[in-house]
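Take a look at the letters that make up each chain.
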Amino acid sequence: MKYHHINSDLFIQNRANFKAQMKPKSLAVFNSNDVYPIGADSALPFQQDRNIFYLSGVDQESSILVLFPDCPNPKHREILFLTETNEHIAVWEGAKLDKDAAFKTSGIKTVYWLQDFERVFKEIMTQCETVYVNTNEHYRANVETETREDRFNKWLREQYPAHSVAKSNPILQRLRSVKNQIEIDLIQQACDITEKGFRRILEFVKPGVMEYNIEAEFMHEFLNNRSKGFAYTPIVASGNNANVLHYIENNQECKAGDLILLDVGAEYANYSSDMSRTIPVSGKFTDRQKQVYNAINRVKNEATKMLVPGTIWADYHVEVGKLMTSELLGLGLLDKADVQNENPDWPAYKKYFMHGTSHNMGLDTHDYGILTEPMQANMVFTVEPGLYIPEEGFGIRIEDDVVIQENGEPFNLMRNIPIEADEIEDLMNK
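Now for a quick tour of the structure. (Residues numbered from 1 in each chain as written. Predicted model: local features only at pLDDT ≥ 70, side-chain atom pairs only at ≥ 80, totals over all residues. Heavy atoms only, no water.)

**Description of the sheet that holds strand 6 (residues 110-113)**
Reading across from one edge, 6-5-4-1-7-8 is the order of the six strands in this open sheet, with mixed pairing throughout. Looking at which strands have only one partner, the edges of the open sheet turn out to be strand 6 and strand 8 (164-167). Averaged over all neighbouring strand pairs, the angle between strand axes comes to 25°, with direction disregarded. By the bridge criterion, three bridges tie strand 1 (residues 26-31) to strand 7 (residues 130-133) in an arrangement that is parallel. Among the inter-strand pairings, Leu27 is bridged to a residue of strand 7, identified as Val131. (Pairing = 2+ DSSP bridges. Helix = DSSP H or I, 4+ residues; strand = E, 2+ residues; numbered from the N terminus. Axes fitted to C-alpha atoms, helices over the stretch in contact; angles between N-to-C directions.)

Structure (C-alpha cells):
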C-alpha cells in the first residue's frame, strides 16, 4: 500500500468496541471484497470492504475475519484467514501478508491460511449459537452485484440452518460514525493532500484548459502524496455543467468568464476527504458571481455552527433551508410570494438548492451513521450548500469537512484550504 503503517491500536480498539455489543455465545464474520473482472485477464483495482478494514486493518483480497469473544478456546476469539503467500505469488503479484505482518497490521495473534477456513469454522460453529453477518444497509446503498460477502452469507445459511442470525450493520453504523483520534488524523491527511491539489490547480487554471486537464493535475498531486487517487469520481464542471449535480464527464473546455465547480477529494489509507470549491476560469469573479458565492459561503458558515452534539440531522436541514431562503430573497432569485405559497414538502429554496447540506464521512465518502439519532462528538460531517442557476449559466457549491466537538463549533479539517472569494482571486492572479 502507498500509505504509511497505521497504528494497530486503532483496529484493536475497534474490535473491542464491536465485541462489547455482541450477544452472548455469538460470533461475527467479515469477508474481503472481490477483485472485480473487467474482461479477458483484466480487473478493477482492488478496494477493500470497509468493515473488515475497520476491524482489522487488513487491506488484502480473499481475507476473512472471525470474532468470537465467548469462545472456550482463547486462541479462537479473534481469527484472521489469509491467502497463503509463497514464492510464486511473491514474484508475480508481490508478497502477501504473512502471519507476522498480519499481527503487526491488526494486533490479531491467530492467523490461519484460507484453505483451513471450513475446518476451523466448523469447529467454532459447534460452540456458538448466533452468527452476525455483514450486510450493506447504508441509506444510499444500491448494490446490483453479488458480493463475496453475499455469497458467504448464502453458504452460511445452507450449511448451518439451525443457528440464529444477527446483523452486524446496526452495531457498525453507530461505531463507525464516531471517529477514533487516529481516524481523524488519517482523514486530516486526506484533506491535506486535497489542499495540495487545490493549490496546484489555482496556479494552473486559465481559459482554454480542459476539465480533464484539471482532473489530471489533482491526480498528479494526490499520487505524489501517497494517495491511491480520488476518494470518489471527481466532478470538474465548468459553466452550465455545474448545474448537473453529478456531472463526471469532465471533457469540456473551460471558457473565459465561466466558473468551474470542483467536487474532488483525495483518499488516504482508505479514508475519504470531500471538498467542493468554485473558482473563476479567468481568475476573477464577476460581481454577480461573487454575490452568489458569498451568499453560499455565509450559509456554510452558519450551518457549520449548528453541527453540535444533540443536533438531529433532519431538523438541521430545515434550519439550513431557512438560511438559504433568506439568501435567495436577497439575491432576487425568490420573492416573498414564492415563500408564502411554497409546498412544505418541497420548499421554494429547493428550486436552486435541491440536495442535502451534510452527510457523515469517513472510510466511505457517504459514511455510516444513523441519521435519526442525535449527533455526537467526533462524528465527521461535510457542510456543502450550493446554488444552481441554469438561467445565469453557473452553479456554485462550497464544501468543507468538519469534526463535531464536545463543546463549541466543529473543528474544520479543511481550515487551510482557500475558500474566500478574494483569496481565491489573489492566488489565481499572483
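Structure's up, so let's keep going.
**Topic: helix 10 (residues 287-305)**
Under the 1.5 Å per step criterion, the end-to-end length of helix 10 is 28 Å for 19 residues, consistent within 8% with the ideal 27 Å. Listed as buried for helix 10 are Gln289, Lys290, Val292, Tyr293, Ala295, Ile296, Asn297, Val299, Lys300, Ala303 and Thr304. (Expected span 1.5 Å × (residues − 1). Buried < 20%, exposed > 50% of the residue type's maximum accessible area, 1.4 Å probe, protein only.)

**Details of the pattern of salt bridges**
Summed over all chains, the structure comprises 26 salt bridges. Note that Glu146 is salt-bridged to Lys154, the shortest N-O span being 2.7 Å. Each member of the salt-bridge network shares a partner with another, and the members are Arg50, Arg176, Lys179, Asp364 and Asp367. (Salt bridge = Lys/Arg side-chain N within 4 Å of Asp/Glu carboxyl O.)

**Concerning the packing of aromatic side chains**
In total, this model carries 18 aromatic pairs according to the counting rule given. Members of the aromatic cluster, each reached through a chain of ring pairs, are Phe81, Tyr112, Phe117, Phe121, Phe152, Trp155 and Tyr160. (Phe/Tyr/Trp six-rings, centres within 6.5 Å; stacked < 30°, edge-to-face > 60°.)

**Remarks on the nonpolar core**
Within the largest apolar cluster, 97 residues are counted, with the highest numbers of intra-cluster contacts made by Phe18, Ile214, Phe218 and Ile279. The contact partners of Ile279, leaving out residues within four places of it in the chain, are Phe198, Ile201, Leu202, Val205, Asp258, Leu259, Ile260, Leu262, Phe285, Ile424 and Met428. (Core = buried A, V, L, I, M, F, W, Y, C linked by side-chain atoms within 4.5 Å. Contact = heavy atoms within 4.5 Å.)

**Things to note about the environment of Asn250**
Turning to its location among the elements, Asn250 is positioned in the loop between strand 9 (235-238) and strand 10 (259-264). Through-space distance from the C-alpha of Asn250 to that of Ser238 is 8.5 Å; in sequence the pair is 12 residues apart. Ignoring sequence-local partners within four residues, the contact set of Asn250 consists of Glu211, Tyr212, Glu215, Pro234, Ile235 and Val236. Polar contacts involving the side chain of Asn250 include one to the main-chain amide nitrogen of Val236, which spans 3.0 Å. (Polar contact = N/O pair within 3.5 Å; in protein donor to acceptor, adjacent residues only side chain to side chain.)

**Overview of the state of the cysteines**
If you walk through the whole model with that rule in mind, you get zero disulfides. Cys71 carries a free sulfur, and the closest cysteine sulfur to it, the one in Cys128, is 9.1 Å from it. (Disulfide = S-S within 2.5 Å.)

**Digging into the packing of helix 10 against helix 13 (residues 421-428)**
Across the interface, helix 10 lies against helix 13 with an axial gap of 10 Å and an inter-helix angle of 125°. Considering the angle they form, helix 10 stands oblique to helix 13. In this structure, helix 10 uses Lys290, Tyr293 and Asn294 to contact helix 13, whose residues at the interface are Ala421, Asp422, Ile424 and Glu425. (Parallel < 35°, antiparallel > 145°, perpendicular 65-115°, else oblique.)

**Digging into the sheet that holds strand 18 (residues 411-412)**
The strand order across the open sheet built from three strands is 14-17-18, with neighbouring strands paired in antiparallel fashion. This sheet does not close on itself; its edge strands, each paired only once, are strand 14 (380-383) and strand 18. Looking at chain direction, strand 14 and strand 17 (residues 400-403) are connected through four bridges and run antiparallel. Residue pairing across strands places Thr382 opposite Asp401, the latter belonging to strand 17.

**Some remarks on unusual backbone geometry**
One non-glycine residue, Ala40, adopts positive backbone phi at about 50°. Mapped onto the elements, Ala40 comes out in the loop between strand 2 (37-39) and strand 3 (42-43). At Asn250, a residue that is not glycine, the phi angle is positive and equals roughly 50°.

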